[in-house]
Amino acid sequence: MSGNTNWRANNSDDEDDEQGDEPYISGRSALLLLVDCSAYMFDKDPASESKFAEFLEIAEAIMRNKVIASENDLIGVIFYNTKNSPTPEAEADLQQSLVAPRQCAIFLPLSTISVEMIRTIRAMRESNDHLQFDSKYGHSEGTSLANVLWLCSRLFSHCGYKLEHSTIVLFTSNDEPHRSNSNEYQQALVKARDLLQKDIAVALVPLSDEFDCDKFYKEFLCTVLEEDMAEFVAPVYQQSKEQLLRRIFSKDFKKRALAHLKWHIADGLALGVNVYSLSRKTRFPRKVKVLRSTNEIVVTKRVYVSSTFQEGSEEVETKPLLPGEQRRSITIGGETISFKPEEMGLMKQILPPGIRLLGFKPASKILVTNHLRGSLFLYPNEDQINGSTTLFRALHEKCLEKEQVAYCIMTLRRKCAPKLVALVPQELARDADGETFRPCGFRVEFIPYAADIRNLHILEESTPPEVTEEQANVFKSVVKKLKFKFSPSGFENPSLMNVFINVESLLFEEEDVELTDSTRPDCERIDRKLEPLMAEMQNLFGEDTTEAPKRTRGDGNENEPRAKSARTGPVNDEELVAMVKRGQTASITVAVLKEYLQRHGAIGLSSKTKAKLIEQVLELQKNT
């Protein structure tokens, strides 16, 4: 059976290829929040809240972000420097044979993020005595950091899931938990080496402005993270806090390559490369249909059926179609052409996956107007072909030196249409904080084919108005006054944020939740900066002409007689002919033209367009 279906509409080859197949993720991410619960963490300043309350605020922000962005990740909360070690309220969530060491307590076991966990953290934060923390947990000092890290390591290993990333975030305002000549200091360093072998990362959030990492945490963190102590950058209190408090509802994409390809330079010469996506559009949360009465998820299945009508009866024979029996068709010139599924695959598979070099062109040939879609990133893969890094670096340095780009044909994966791309070399660049915002490698720019380029005649025929030098200088000043530092991280998707904020308000029963749209311009700031130039701009360009508002029905007195609508069409044949000769045909309808021609003996007017009718009116006038 072949259906007359426009299969081109369902063909997604022209969409972003990296959006189609998500790379396989072998494990989950786990995060343990480790907080110091000594008495000094609960001291309140007259102008600010306690350090423990700050931790609860940060923990709630992390959980509220993860429950939307990465709901499958694991999270837990551990207290240390406590007097008592009570078991969690939900003992069923605690792993068997796992007992907290002395002066430690498991507040939230390591488990999948849930709304109940967020409500528990919020209830403790909003309580004046933090849910009777002094009587239930108490305070102490001098807890062995090695024992606390041992507990974290056990929680990771007994969580019941295969973990891809394991991270411990430590919150404290004590910069010297153990003295350098103590046994606890050496035990902590030994445990740091164990964490390094188990690939467990540790991040420190100092909750004090006077925090000195050189006393203990510098050597400890460098051991865990395997960093050089000479290049160690100590975390700053406010920066670490703002980084964790920043709540952006963005998908936590795993750092996986989109494809592992071979870059064929010539016959018998190729190098292995990985293709990465540096930016990806965040999709809306997936919606599912549920039954209204029980809230059960409704599962839908699509089945293709072949129907046959028998002659002389109303009986219909139907049978389900297997994938091999289905066809896709397209109609061209009145003929229907059908294709089998394997034929569709062969039509897409023009070239095998890989990158094939066409040649080199100057970098000036890369035009902004030819930008088709978001660019990708190319980096060498030494595991695929030995020596790829050396060849890749030599080619990268020469392209930078000679300002050349490599034009190639790239097929990202099987059954994917080949794309014309330009590999643009780029150097490593860092911002003021030392963060990399432009990696070193080749940027993959997608170049249009000949059939993709559009020539707009309206741009070629139109002549721009002349501008005086004085008018141009005014807007040079406008550009200087309205300059700002642009960063993509400063603009959040307002439609996506609106969805998540409304979901949160319903979930946590919040009211009057406002959406901050970062894409809206600051009109007050713009008006304030342009105020000195407004008078000069009005003198040079004049004021904008504003039309009077049109009067609508219902305005004014209802008893007032309504004005008759203005006459736009012709009233007689002479006026119609005059309007056609002057080219004023916009207000003349097709019915009026047909009626005029029928009175003059014309026939066969039903299928003619308005332009043909106007030509026939002019020809009729020439003959008379």
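Residues numbered from 1 in each chain as written. Predicted model: local features only at pLDDT ≥ 70, side-chain atom pairs only at ≥ 80, totals over all residues. Heavy atoms only, no water.

Asks: Can you help me understand the overall build of the protein chain in this one?
Replies: Helix and strand counts for the protein chain stand at 16 helices and 18 strands. Within the protein chain, buried positions represent 33% of all 624 residues. Put simply, 70% of the contacts in the protein chain that link residues at least 6 apart link residues at least 24 apart. By element, 49% of the accessible surface of the protein chain is carried by carbon and sulfur atoms, the whole surface being about 41,300 Å². (Helix = DSSP H or I, 4+ residues; strand = E, 2+ residues; numbered from the N terminus. Buried < 20%, exposed > 50% of the residue type's maximum accessible area, 1.4 Å probe, protein only. Contact = heavy atoms within 4.5 Å. Areas by Shrake-Rupley, 256 points an atom, 1.4 Å probe, with all protein chains shown as cover.)

Asks: For this particular structure, what's the right way to read the nonpolar core?
Replies: If you look at soluble globular proteins, the nonpolar side chains tend to sit buried side by side. One finds L34, I168, Y217 and F220 to be the most contacted residues of the largest nonpolar core, which totals 37 residues. Of all the elements in the fold, those that place two or more residues in this core are strand 1 (28-36), strand 2 (74-80), strand 3 (104-112), helix 4 (145-157), strand 4 (163-172), helix 5 (183-197), strand 5 (200-206) and helix 6 (217-225). The greatest single-element share of this core, amounting to seven residues, is contributed by helix 4. Leave out the neighbours within four places in its chain, and F220 touches L145, L149, A188, L189, A192 and V202. Formed by 34 residues, the second largest nonpolar core is a distinct cluster that contains V77, Y137, V169 and V205. (Core = buried A, V, L, I, M, F, W, Y, C linked by side-chain atoms within 4.5 Å.)

Asks: Help me understand a nonpolar patch on the surface, please; the structure alone is not making it clear to me.
Replies: A cluster of nonpolar side chains, contributed by V288, V290, I297 and V299, occupies part of the molecular surface with about 380 Å² of accessible area. Turning to its location among the elements, V299 is positioned in the loop between strand 7 (269-276) and strand 8 (305-309). By relative accessible area, V299 is classed as exposed at 68%. (Patch = residues over 30% accessible without salt bridge, like charges linked within 9 Å, V, L, I, M, F, W, Y side chains within 5 Å. Salt bridge = Lys/Arg side-chain N within 4 Å of Asp/Glu carboxyl O.)

Asks: Explain the environment of H264 to me, please; I cannot follow it from the model alone.
Replies: The topology assignment puts H264 in strand 6 (residues 259-266). What makes H264 partly exposed here is its relative accessible area of 29%. Taking C-alpha positions, H264 is 7.5 Å from G354, a pair spaced 90 residues apart along the chain. Setting aside anything within four residues of it in sequence, one finds H264 in contact with L269, A270, I355, R356 and L357.

Asks: Honestly, the packing of helix 15 (residues 590-599) against helix 16 (residues 610-623) in this entry has me stumped. Any pointers?
Replies: A packed helix pair is summarised by two numbers, namely the angle formed by the two axes and the spacing between the axes. At a minimum axis separation of 10 Å, helix 15 and helix 16 run at an interaxial angle of 35°. The interaxial crossing formed by helix 15 with helix 16 has left-handed handedness. Packed against helix 15, whose contacting residues are V590, L593, K594, Y596 and L597, the element helix 16 presents K610, L613, I614, Q616, V617, L620 and Q621 at the interface. A class-by-class count of the residues in the contact of helix 15 with helix 16 yields eight nonpolar, two polar and two charged. (Axes fitted to C-alpha atoms, helices over the stretch in contact; angles between N-to-C directions. Left-handed = near helix turned anticlockwise from the far one by under 90°. Nonpolar A, V, L, I, M, F, W, Y, C, P; charged D, E, K, R; others polar.)

Asks: Whenever I open this one, the packing of helix 1 (residues 51-69) against helix 7 (residues 237-245) confuses me. Can you help?
Replies: In contact at an axis separation of 8 Å, helix 1 and helix 7 are set at 35° when each is read in the N-to-C sense. Residues K51, E54, E57, I58, A61 and I62 of helix 1 pack against Y237, K241, L244 and L245 of helix 7. In the contact of helix 1 with helix 7, the residues fall into six nonpolar, no polar and four charged.

Asks: In this structure, what is going on with the confidence of the model for the protein chain? I would like to understand it.
Replies: If pLDDT is low for a region, its predicted coordinates should not be looked at in detail. When pLDDT is averaged along the protein chain, the result is 82; 86% of the residues meet or exceed 70. When the elements of the protein chain are averaged for pLDDT, helix 10 (residues 457-461) gives the smallest value, 77, and strand 14 (residues 404-411) the largest, 95. In this model, residues 1-25 is a region of pLDDT below 50 whose contacts with residues beyond four sequence positions or in other chains number 52 contacts. (pLDDT = per-residue confidence, 0-100.)

Asks: In this structure, what is going on with unusual backbone geometry? I would like to understand it.
Replies: It is generally the case that most residues other than glycine have a negative phi and that most peptide bonds are trans. With a phi angle near 65°, Q103 is a residue other than glycine that sits in the positive phi range. For Q103, the location among the structural elements is in the loop between strand 2 and strand 3. Positive phi outside glycine occurs at E403, with the angle close to 55°. The residue E403 is located in the loop between helix 9 (388-402) and strand 14 in this model.

Asks: What is the right way to read the sheet that holds strand 7 from this model?
Replies: Backbone hydrogen bonds are what pair the strands of a sheet, in a parallel or an antiparallel way. Read around the closed barrel, the seven strands follow the order 6-7-13-18-15-14-12; overall the barrel is mixed. Neighbouring strand axes in the sheet, compared pairwise and without regard to direction, differ in orientation by 40° on average. Two strands pair when backbone bridges link them, and strand 7 and strand 13 (residues 376-380) are joined in this way by four bridges, in the antiparallel orientation. Bridge pairing links V275 to L378 in strand 13. (Pairing = 2+ DSSP bridges.)

Asks: Which parts of the structure should I look at to understand helix 1?
Replies: Count 3.6 residues to each turn of an α-helix, and residues three or four apart come out pointing the same way. Look at helix 1: 27 Å from first C-alpha to last across 19 residues, which is about the 27 Å you get at 1.5 Å a residue. The element helix 1 is extensively covered by neighbouring structure, given that 16 of its 19 residues are classed as buried. (Expected span 1.5 Å × (residues − 1).)

Asks: For this particular structure, what's the right way to read a negative patch on the surface?
Replies: The grouping of D522, E524, D527 and E531 at the surface amounts to a negative patch. Structurally, E524 is set in helix 13 (residues 523-541). For E524, a relative accessible area of 64% gives the class exposed. (Lys, Arg positive; Asp, Glu negative; His and termini not counted. Charge placed at Lys NZ, Arg CZ, Asp CG, Glu CD.)

Asks: Explain the pattern of salt bridges here, please?
Replies: Opposite charge on two side chains makes pairing possible when the charged atoms of those side chains draw close. For the structure on display, the rule yields 15 salt bridges. The closest approach of N and O atoms between E60 and R122, which form a salt bridge, is 3.0 Å. Of this pair, E60 sits in helix 1 while R122 sits in helix 2 (residues 115-126), and the two are 62 residues apart along the sequence. By relative accessible area, R122 is classed as buried at 14%. Salt-bridge contacts for E116 lead to R119; the nearest nitrogen and oxygen are separated by 3.3 Å. Placement of the pair is E116 and R119 together in helix 2, with a separation of three residues, close to one helical turn.

Asks: What is the right way to read the packing of aromatic side chains from this model?
Replies: One pair of aromatic rings is described through two measures. These are the centre distance and the angle between the planes. Overall, the coordinates contain 20 aromatic pairs when judged by the stated rule. Both rings, one in F52 and one in F79, keep their centres 5.8 Å apart while their planes meet at 65°; by these two values the pair is edge-to-face. Of this pair, F52 sits in helix 1 while F79 sits in strand 2, and the two are 27 residues apart along the sequence. F79 shares its class with F52; the two are buried. (Phe/Tyr/Trp six-rings, centres within 6.5 Å; stacked < 30°, edge-to-face > 60°.)

Asks: Sorry, what's going on with the sheet that holds strand 3 here?
Replies: Read from one edge to the other, the open sheet built from five strands follows the order 3-2-1-4-5, with strand pairing classed as mixed. With partners counted over all chains shown, the strands left at the sheet margins are strand 3 and strand 5, one partner each. Each adjacent strand pair in this sheet contributes to an overall mean axis angle of 15°, direction not counted. The strands touched by helix 2 within the sheet are strand 2 and strand 3, with strand 3 carrying the most contacts at an inclination of about 145°.

Asks: How do you make sense of the pairing of strand 10 (residues 328-332) when you look at a structure like this?
Replies: Each regular strand carries side chains that alternate between the two faces of the sheet. The pairing of strand 10 with strand 11 (residues 335-339) spans five bridges and is antiparallel. Pairing of I330 across the sheet is with I337, part of strand 11. The antiparallel pairing of strand 10 with strand 11 creates a hairpin that spans two residues between the two strands, and G333 there sits at a positive phi of about 60°.

Asks: Please clarify how the environment of S166 should be interpreted in this entry.
Replies: With respect to the element layout, S166 can be found in strand 4. Residue S166 is classed as buried on the basis of its relative accessible area, which comes to 11%. Sequence separation of S166 and K198 is 32 residues, and the distance between their C-alpha atoms is 9.1 Å. Setting aside chain neighbours within four positions, we find S166 in contact with A30, F156, D199, I200 and A201.

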